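Residue-level listing of the chains:
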Amino acid sequence: MSAALLLGLGLGVAAAASGGALPARSRVPVAAVLTVAACVAALVAAARVLASGSAITVNSAQVLPLTGVTLVLDPLGAVFVITTAVVGVAASWYNVGYSGHSGHGGGRGRAGTALLPLFVTSLLAVPSAGSVATFLAAWELMALSSLFLLLTGHHRAEARDAAQWYAVMTHAGAAAILLAFVLLGAHAAGAQSFDGFGSFAAIRAGASGIPSGIRSLAFVLALAGFASKAGAVPLHVWLPRAHPEAPSPVSALMSGAMVNLGVYGIVRTGDDLLGGGQLWWWLVVAGLGAVSALFGALHAAASPDLKRLLAYSTVDNVGLVLIGVGASGALAVRGHRVLAALALIAALFQLVSHSAFKGCLFLAAGSVQQAAGTRDLDSLGGLLRRLPATAALFGIGALSVCALPPFSGFASEWLLLQGFLRGFSAHSAVIATALLAGVAALALTGGLTAAAFVKAFGIGFLGQPRTPAAASAGEAGVSMVGGTALLAVPCLVLGLIPGIAVPLLAKAAGTALSGSPAGAGGGRLAGPLRAEAGLAIAGTTDVIEPALLAAALAAGIALAWAVIRLRGRARGRAPAGGRAGAGARRAEAWGCGREVQTPRMQYTATSFAEPLQRVFEDVLRPDRDLDVSHLAESRYFEDALRYHNRIDDAVERGVYRPLTVAAGRWGEFARRAQNGSMHRYLGYGFAALVILLVVLA
Amino acid sequence: MSAVSPLVSAGVSVIQLGAAVTGGPLLYGLMAKVRARAEGRAGAPVRQPLLDLWKLAGKERIHAEHSSAVLPLAPLVVIATAATAAAIAPLISTGPALGRTCDAFVIVFLLLLGSVAVALAGLDTGTAFGGMGASRAMTIGALAEPALLVAVLALSIQAGTSNLPGIVSSTLAHPAWAVTPERLLALVALVIVVFAETGRIPVDNPSTHLELTMIHEAMILEYAGPELGLVTLGETMRLGLLLSLLANLFFPWGIATTASPLGLLLGLAALAGKTAAIAVAISIVEVSTAKLRLFRVPEILSAGFVLAVLAVITGLVMP
Amino acid sequence: MVTLRFMQLLPLLRSLFSRPVTERLPRPPGPRGGAGFGGSVQLRHVDAGSCNGCELEIASAFGPVYDAGRFGARLVASPRHADGVLVTGVVTRNMAVPLGKTLDAVPEPRVIVACGDCALGRGPFGGGYGVASSQGPLAAPDVAIPGCPPGPAAITQALRTLTGR
C-alpha cells in the first residue's frame, strides 16, 4: 500500500524533472503522462486506504534534515488525495492542448512545464503528511510552485499584482500555521528529541496535556492560516486576484484542490489533532463560513469578469463547507456523535462536489478565454454555436453549482440542509443560533448563485456574439475538451448516484471525529446515512433518489417533445393548417418592428447584474463614472459618452486598503527617521545606550 | 400508504398529473373571471385558457435566427419539472408514486430548475427584451428562493422531517399544529413567495403590454405556437402546484390517506375547492393592489425572508 | 389602516356577486366555428398612423360594456403570441416596413383585421404626402370593420366572426 503512495509522489517529481529537462516538443506530453501516472498511483493508494479503513504510514529519516519525513495517509486525507488526483489528471491532460497556444501562462516554457507537476505533487503530499515538518515542507512547496506558476504571466501587470498579494498572504498564513504547529509540537509527547518531533501521532497523544489557553491560541493561529488558504472572508482577498490571473489548468487546481487543503487543515487541527476543542472555536468557523458564503455569492452575481465570477463562487462554496465543518465540530463538542458525523459528511461531500464542478468550470472558461481572447462577459456571446462541447460542459458545471437536480451540487446541498435540519434536534440554543445563521446564509447564496451563473452562461454562451473576437471563436482541441469532460463526469455521477460516495466520506468523517468527546475511538461509525443509491438519512423518512428524478425529468422532456412533433406533423397534413413542414421556421427576432437590430442591443453582464447591484448597493459600493464629451460647436450636443462601472472587493476596500495606506504612511515616517545622516545615526546609538544604562541601573 | 402496490401509487400519480394539466389552466381562468367580475365585465369563461392552449398547439413553430438549442429545450424542461413535481407531491393523496422520495427541498429545486431554464431561453433570443426579463426574473428569484427555503425548513423542523407526505401526515395527526405562530408566520412568508414565483400583481403584471414593466412576459416574448403553449402550460401547472402545496401543507384536511377510490375522489374535490378558494383570494388581492415599482419588490421579498426566519426561531424557542 | 382596506374591499366583493354591466349582443352572421381558431383569438394591435379614434373604440370594445374578451378574443403584446394583427390607421411611409415585420412575426395560420375606414383605404387622410403608396398586406384583409370610427359593438361582432362564439 505504501508503495503506491511513494510511487505517486516519486512519479510527480520525475514529471517535474522531465518538464524542466526535456526539449520543447516532448516536454509537455511527457510531463503530462508522468503526472497522470502519479495521480493514478496516489488515487490507488487512497482508494485502498478508504476500502480497508486503515492508514498507510511511511517513516524515513532521509529527505528532510533533522526531522525526516513522515507520511500518514488515513481515510480523511485519502478523500482529499482522491479529489486532488482526479483534478490533477484533468488539468494535466488539459494542459497538453492549452500550452500549445503561447501568450497565456508561458506556453511550453521550461518553468511552467516543470512547476505544474510539482504543484500537483505538493497537493498530493499535504494530505499525506504525518508530521509537522513534512506538512510544512509540502505546504510551502505548494505555495511557491503555485506562486511561480502565477508569475509565468509576468508580462501582464494584473498578474504581477496578483502574485504580490498571493505571496504576502500565503506566507503570512504559513507563518501562522508554523506558529500553531510549533506550539502544539512543543507540548507533544517525545518533544525532547528530534526523532518523531512534531509527528501528528505524537501531537494527538499529547493534546490533552496542553493548557486550554495554548490550545485555543494554536487553533486560532491555525484557523487564520488555513482559512486564508481556503478563501474565507476576510482573508480571501488574494483569491479573486490570483485565480483568474493564473493559467487555466492552474486555476482549476487552485480552486479544485488547493482550497480544499485549507479546509483539510482546519478539520485535521481542530477535530483530529486537538480532539474536538471548545464550542466557541467551531462557532467562529461557522461564522466565517456564513459571511464568506454571502460575500462570495454577492460578488459573483455582480462580477462581469468570467473567471473572477468563478473565483468568488469558490469563496461562496468554501463558506458553505466551513458552515458544515463548524456545525459538525460544535455538535461533536456537545457529544452528538451521529449528528456531527452527518454534518461533516455533508461538508466533505460539498467540497468534493465543488472540486468537480469548479474544476470543470475553470477549464471551460480557459477554453473560452483562449478562443475569444478575453474573459470579459460583456464581450462574449453566441459561443454555444461556436464551441458546442465546451459550452455544454460549462452548462453542466453551471447547473451543478446552482444545486439543480440531478447534478452533484443538488445532492451535496440537500445533504447540507439535512445536516442543519437534524442539528436543530440537538436542542442547544447556541448551536441552534449558529445553524440558523448557516441556514439563512445557504438560502441567500442559493438564489444569488443562480443569478450569477444564469448571467455567466446566458450572456457568455447564448444570444449573439458581442464582438468580432467572439464571433470568430473556434472549438478547443481534443485534450482541452477531454480534460474538461473528465471533471464533468463526477458532476453527473455523484449527482445521479450520490450513495457511492457516502461510505467513503463516512469513513473519513469517522477518522476526523474519533478524537472528539463524541468519538468512541477508531474509525468505525454507526452510519447516519442508510446504504442506498440515493441519499437517505438513517432513522428518518428523509430520502432523495436523484436517479429516479432524472428518469422522470427525461421522460417528461421526451413526452413533451413527442407531443410537439406529433401535433406539428398533424398540422402539416391538415389542409388549412398552413405550412407543410413540421419543423420550425427560422425568423428574425421580434424587435417591435425595428428596422435595424444589432448584437449591441442585447443585455450585457453588467446590465444583467444591475438590479442586484442596486439592491445591494450599500454592501457593494460600486465605483461609477460617467464621462461626457460635447461637440465643439455646441455644448447641447454630446459627442461621446463613456460609462465606467467597477465593483471592488468590499473587504479589500474596507479593511486592506486602509491597512496598506497606513503601512505606507508609517514607512514614509520611518524614512524620515533614516535620512542617511551619520550624525543622526550616532545620536540614535548614544540615546539607546543612555536609555539602556538608565533601565539597567 | 406503505402497503399500497406500486401500480396503485403510479395510478395516483397519473391522476395528479391529469389534475395538474387541466386544473392549472382552470385556475388561471378562474382568476381571470374574478378579475373580470370585479371590473364589472362578464369575462371569458373559466375554461378559456384550455382553449388558448389547444389552439397554440396547432400553430407554427418559429425560432429566433440567432438562438441555439436552448430555446426549444427550455419549454420541455419547464413542463418536465412541473409535471414531475405534480406527479410526486402530495396533492390528492399522501402516497403517490415516488412519494417516498418526495422531499420538500426537491420541489423547491425543481421549481428553480424551471425558472433557470426560462431565464436562459430569454437570454438565448439575443434581444434586449429577453435579457431584461431574465435579469429581473433572476433578481426577484434571488430574493424569493431564500424565503421559500427557510419557510419550508420551518415546516420541516416542526414536523421533524422534510418529506412532504410526512409533513402533511404530521399535520393531520396533530391538528393543533396548524395554528401555532410558526405555522402562521411560515404561511405569510409562503404567500409572499407564491406571488413572486407566479408573477402576479403586486410583483409582476402578467397581462401588461409595456415591455419596460414586464418581468416574466419579457422572457417568453419570442415563443410561438406549441412552444408558447408548453411554457404557458408549465406556468399554470406551477401555479396549481404552489397553490396545492399551500393548501395541503397548512390545511391538509380532505387529502386521501388511503388508496380507496372514494378517498381519492374526496381528495380531488378537496384539492379543487381549496385551490379555487386560494386562487379567488389571490385574484381579489391583485385587483385591489397596484403593481409595485420594480425596486420596491426586494423590500417585500426581504420582509418575507425575515418572516420565514422568525418562523424558524419561533419553532425552536417554543417547543 | 386595516379598517380602511376592509371598507375598500366591500364594494369589490359586492361587484363579484352582482350582475355585470356587459351588454348582450346577438350572434353575428357567418359560419359557426369562426376562422378555425377554436374559440380563442389573440390579436396584436398595430397603430399604422391613426388619429387614435379607432384606438378609443377598441379600448371600449374590450371594456366592461362590450367585453370582447368573453368571446375568446384578447389583445397581446407580442405578435409571436398572436393569431393576427389588428391594424388601425392609414399606413404611413414610416410604418410600412414595421407593419410588414409585425405581420411576418405572427405564426401561421394568421389573419389581418383592418379596423376603421383609414385601414380600409377610404378614410379622410388617404392620399396624403406621408401615406405609403401601397397598402401592402392591408390591401386584402381577412376581416374588415368599416366606420370612422367603428363603434365598439361593431368591433366586438367582427371579432366574434373570428372566434366563432
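Residues numbered from 1 in each chain as written. Chains lettered and ligands numbered in written order. Predicted model: local features only at pLDDT ≥ 70, side-chain atom pairs only at ≥ 80, totals over all residues. Heavy atoms only, no water.

### Regarding the overall build of chain B
For step 1, the next point in the chain: When helices and strands are tallied, chain B shows eleven helices and one strand.
For step 2, the next point in the chain: For chain B, the sequential pattern of α-helices and β-strands runs α-α-β-α-α-α-α-α-α-α-α-α.
For step 3, the next point in the chain: Against the globule reference of 20 Å for 319 residues, chain B gives a C-alpha radius of gyration of 19 Å, in line with a compact fold.
For step 4, the next point in the chain: With the C-alpha coordinates aligned to their principal axes, the bounding extent of chain B is approximately 55 × 45 × 45 Å.
For step 5, the next point in the chain: Relative to its 319 residues, chain B shows a buried fraction of 67%.
For step 6, the next point in the chain: Contacts in chain B between residues at least 24 apart in sequence constitute 80% of all its contacts with a sequence separation of at least 6.
For step 7, the next point in the chain: The averaged location of the 17 negative side-chain charges in chain B is 9 Å from the averaged location of its 17 positive side-chain charges. (Helix = DSSP H or I, 4+ residues; strand = E, 2+ residues; numbered from the N terminus. Rg over C-alpha atoms; globule rule 2.2 N^0.38 Å. Buried < 20%, exposed > 50% of the residue type's maximum accessible area, 1.4 Å probe, protein only. Contact = heavy atoms within 4.5 Å. Lys, Arg positive; Asp, Glu negative; His and termini not counted. Charge placed at Lys NZ, Arg CZ, Asp CG, Glu CD.)

### Focus: the overall build of chain C
For step 1, the next point in the chain: In terms of helices and strands, chain C carries four helices and five strands.
For step 2, the next point in the chain: In terms of principal-axis extent, the alpha carbons of chain C reach across some 60 × 40 × 30 Å.
For step 3, the next point in the chain: The buried share of chain C, taken over its 165 residues, is 50%.
For step 4, the next point in the chain: If you take every contact in chain C between residues at least 6 apart in sequence, the share linking residues at least 24 apart comes to 83%.
For step 5, the next point in the chain: Taken as a whole, chain C presents about 7,700 Å² of accessible surface, with 60% of it coming from carbon and sulfur. (Areas by Shrake-Rupley, 256 points an atom, 1.4 Å probe, with all protein chains shown as cover.)

### Considerations on empty space enclosed by the protein
Residue and element names in this part refer to chain B.
For step 1, the next point in the chain: One pass over the structure, following the stated rule, counts ten cavities of 30 Å³ or more.
For step 2, the next point in the chain: Put simply, the largest cavity is a space of about 170 Å³.
For step 3, the next point in the chain: Of all elements in the fold, only α4 (104-124), α5 (128-159), α6 (164-173), α7 (181-197) and α9 (225-250) reach the threshold of two or more residues within the lining of the largest cavity.
For step 4, the next point in the chain: Examining the composition of the lining of the largest cavity, we find that five residues originate from one element, α9, more than from any other. (1 Å grid on protein atoms, 1.4 Å probe; cavity = no way out; pocket = protein on both sides within 12 Å on 5 of 7 lines; lining within 4 Å. Points joined across faces, edges and corners; volume = space filled by probe spheres on them.)

### Looking at the interface of chain C and chain A
For step 1, the next point in the chain: Facing the 15 residues of chain C at the interface are eleven residues of chain A.
For step 2, the next point in the chain: At the boundary of chain C with chain A, total buried surface from both sides reaches about 970 Å², with 48% on carbon and sulfur atoms.
For step 3, the next point in the chain: The largest contributions to the chain C side of the interface with chain A come from Arg80(C), Lys101(C) and Glu108(C), which together make up 47% of the buried area.
For step 4, the next point in the chain: Our count for the contact surface shared by chain C and chain A stands at one salt bridge. (Buried area = accessible area lost by both parts, 1.4 Å probe. Salt bridge = Lys/Arg side-chain N within 4 Å of Asp/Glu carboxyl O.)

### Section: the pattern of salt bridges
Residues and elements named next belong to chain A.
For step 1, the next point in the chain: On inspection of all chains with the given rule, the structure shows 30 salt bridges over all chains.
For step 2, the next point in the chain: Linking Arg241 and Asp161 is a salt bridge whose minimum nitrogen-to-oxygen distance equals 2.2 Å. Remark: Asp161 occurs in helix α6 (residues 157-186) and Arg241 occurs in helix α9 (residues 239-245); sequence separation between them is 80 residues.
For step 3, the next point in the chain: A relative accessible area of 29% means that Asp161 is categorised as partly exposed.

### Comments concerning a nonpolar patch on the surface
All names here are of chain A.
For step 1, the next point in the chain: Together, Val489, Leu492, Val493, Ile497 and Ile500 line one region of the surface with nonpolar side chains, adding up to about 370 Å² of accessible area.
For step 2, the next point in the chain: Within the fold, Ile497 resides in the loop between α19 (478-496) and α20 (502-513).
For step 3, the next point in the chain: When its relative accessible area of 34% is taken as the criterion, Ile497 is described as partly exposed. (Patch = residues over 30% accessible without salt bridge, like charges linked within 9 Å, V, L, I, M, F, W, Y side chains within 5 Å.)

### What to know about the packing of aromatic side chains
Residue and element names in this part refer to chain A.
For step 1, the next point in the chain: Counting across every chain of the model gives 20 aromatic pairs over all chains.
For step 2, the next point in the chain: Note on Phe135 and Phe181: the rings are 5.4 Å apart at their centroids and 85 degrees apart in plane angle, and the pair reads as edge-to-face. Taken together, the residues Phe135 in helix α5 (residues 132-150) and Phe181 in helix α6 connect sequence positions 46 residues apart. The two residues Phe135 and Phe181 agree in class, both being buried.
For step 3, the next point in the chain: Their ring planes at 55 degrees and their centres at 6.0 Å tell us that Phe135 and Phe200 sit as a pair that is tilted. (Phe/Tyr/Trp six-rings, centres within 6.5 Å; stacked < 30°, edge-to-face > 60°.)

### Considerations on unusual backbone geometry
For step 1, the next point in the chain: Here the residue pair Pro405(A) and Pro406(A) is connected by a cis peptide bond, since its omega of 0 degrees sits within 30 degrees of zero.
For step 2, the next point in the chain: Of note, the bond from Cys148(C) into Pro149(C) is cis; its omega dihedral lies within 30 degrees of zero at -5 degrees.
For step 3, the next point in the chain: Take Pro149(C): it is sitting in the loop between β5 (143-145) and α4 (152-163).
For step 4, the next point in the chain: The backbone of His427(A) sits at a positive phi, close to 55 degrees, despite the residue not being glycine.

### Side note on the packing of α7(B) against helix α11 (residues 297-317) of chain B
Residues and elements named next belong to chain B.
For step 1, the next point in the chain: The interhelical angle for the contact between α7 and α11, taken along N-to-C directions, is 155 degrees, at an axis separation of 8 Å. When the interaxial angle is binned, α7 and α11 end up roughly antiparallel. Crossing of α7 over α11 shows left-handed handedness. Facing Pro181, Glu182, Leu185, Ala186, Val188, Ala189, Ile192 and Ala196 of α7, the residues of α11 in contact are Ile300, Leu301, Gly304, Leu307, Ala308, Leu310, Ala311, Thr314 and Gly315.
For step 2, the next point in the chain: Looking at the contact of α7 with α11 residue by residue, the classes come out as 13 nonpolar, three polar and one charged. (Axes fitted to C-alpha atoms, helices over the stretch in contact; angles between N-to-C directions. Parallel < 35°, antiparallel > 145°, perpendicular 65-115°, else oblique. Left-handed = near helix turned anticlockwise from the far one by under 90°. Nonpolar A, V, L, I, M, F, W, Y, C, P; charged D, E, K, R; others polar.)

### A short note on the nonpolar core
For step 1, the next point in the chain: Membership of the largest hydrophobic core comes to 318 residues, with the highest contact counts inside it found for Phe135(A), Phe181(A), Leu415(A), Phe453(A) and Ile107(B).
For step 2, the next point in the chain: It is helix α13 (residues 337-372) of chain A that contributes the most residues to this core, 22 residues altogether.
For step 3, the next point in the chain: For Phe453(A), the contacting residues outside a window of four places in its chain are Leu309(A), Leu310(A), Ser313(A), Leu361(A), Ala398(A), Val401(A), Cys402(A) and Gly458(A).
For step 4, the next point in the chain: In terms of nonpolar packing, the next biggest core, distinct from the first, is built from 19 residues, Leu86(C), Val111(C), Ile145(C) and Leu162(C) among them. (Core = buried A, V, L, I, M, F, W, Y, C linked by side-chain atoms within 4.5 Å.)

### Focus on the interface of chain B and chain A
For step 1, the next point in the chain: In this complex, chain B contributes 74 residues to the contact, which on the side of chain A involves 75 residues.
For step 2, the next point in the chain: Across the chain B to chain A interface the summed buried area is about 6,500 Å²; carbon plus sulfur atoms make up 72%.
For step 3, the next point in the chain: The largest contributions to the chain B side of the interface with chain A come from Arg61(B), Phe109(B) and Leu123(B), which together make up 10% of the buried area.
For step 4, the next point in the chain: The interface formed by chain B and chain A includes one salt bridge.
For step 5, the next point in the chain: For Glu60(B), the salt bridge is made with Arg585(A), and the minimal N-O distance between the two is 2.8 Å.

### Examining the confidence of the model for chain C
For step 1, the next point in the chain: Of all residues in chain C, 99% have pLDDT values of 70 or greater, and the mean over the chain is 90.
For step 2, the next point in the chain: For this predicted complex, the interface score ipTM comes out at 0.94, while the overall pTM is 0.93. (pLDDT = per-residue confidence, 0-100.)

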